[in-house]
Amino acid sequence: MGDLTPSEKSLSRPAARSEKAKLIVAQPKQIKELGLLLKSIEGLAQRVGESTGEDMSADLGATGAPATATGAKRASPRDQSIASLPEPAIMKEQLEKHIEKEVKKLTREAKKIARLARPGAAFSLNELYARIRRLNALLHELIEASVEIIRRLFIRVFVDKQPII
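Residues numbered from 1 in each chain as written. Predicted model: local features only at pLDDT ≥ 70, side-chain atom pairs only at ≥ 80, totals over all residues. Heavy atoms only, no water.

Enquirer: Is there a simple way to explain the packing of aromatic side chains in this structure?
Expert: Two numbers describe a pair of aromatic rings. These are the distance of the centres and the angle of the planes. Evaluation of the coordinates by the stated rule reveals one aromatic pair. Between the aromatic rings of phenylalanine 154 and phenylalanine 158, the centroid separation amounts to 4.8 Å while the plane-to-plane angle is 45°, which identifies the pairing as tilted. Pair noted here: phenylalanine 154 and phenylalanine 158 are both in helix H6 (residues 147-159), with a separation of four residues, about one helical turn. On the basis of relative accessibility, which here comes to 6%, the residue phenylalanine 154 falls in the buried class. (Phe/Tyr/Trp six-rings, centres within 6.5 Å; stacked < 30°, edge-to-face > 60°. Helix = DSSP H or I, 4+ residues; strand = E, 2+ residues; numbered from the N terminus. Buried < 20%, exposed > 50% of the residue type's maximum accessible area, 1.4 Å probe, protein only.)

Given below as structure tokens:
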């Protein structure tokens, strides 16, 4: 290819240019329109979500009568539970008991899995022991934890009923 005459070089250049022109991909205009359509759908969904929110004004009370129209907002059960949290020492004690109970349950489950000789049992056993180690570490950290951290963990476990780890 290095021995091309000037006329052959000029013939090969337009061919290379046309090949490059064939390789260029242009973005279609429809994609922009699709993006605008998606944005409008998201906006519509957001407006519909806002307009269909719960209306607590006409809820029936315990007596079957409509709720009072004083405009006073009732606290949710979660807010009521948070407002009536026990003392930090009691919360700490309950969390410790809950974590120890969870560790015992996981240990029993690990013993059952250790007896089985199924495929994947080693992986499950490893995951259980990892959870046990994390719970034990959390239990040791709980001893030195601040009141705010204990309060957050207590709300997460006992009020919101979420798993510890």
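Once you've had a look at it, read on.
Enquirer: Where do I start with a positive patch on the surface in this structure?
Expert: A cluster of basic residues, Lys104, Arg108, Lys111, Lys112 and Arg115, forms a positive patch at the surface. Note on placement: arginine 108 falls in helix H4 (residues 88-115). (Patch = residues over 30% accessible without salt bridge, like charges linked within 9 Å, V, L, I, M, F, W, Y side chains within 5 Å. Areas by Shrake-Rupley, 256 points an atom, 1.4 Å probe, with all protein chains shown as cover. Salt bridge = Lys/Arg side-chain N within 4 Å of Asp/Glu carboxyl O. Lys, Arg positive; Asp, Glu negative; His and termini not counted. Charge placed at Lys NZ, Arg CZ, Asp CG, Glu CD.)

Enquirer: Please clarify how the nonpolar core should be interpreted in this entry.
Expert: Nonpolar side chains tend to gather and get buried jointly when the protein is soluble and globular. Core analysis: the biggest nonpolar cluster contains 24 residues, and Leu95, Ile99, Leu135, Leu142, Ile150, Leu153 and Ile164 have the highest contact counts within it. At the level of secondary structure, the elements contributing two or more residues to this core comprise H4, helix H5 (121-144) and H6. The element that contributes the greatest number of residues to this core is H5, accounting for eight residues. (Core = buried A, V, L, I, M, F, W, Y, C linked by side-chain atoms within 4.5 Å.)

Enquirer: Sorry if this is basic, but what is going on with the environment of proline 77 here?
Expert: You can see proline 77 is positioned in helix H3 (residues 77-83). Sequence spacing of proline 77 and valine 159 is 82 residues, and the spatial spacing of their C-alpha atoms is 9.2 Å.

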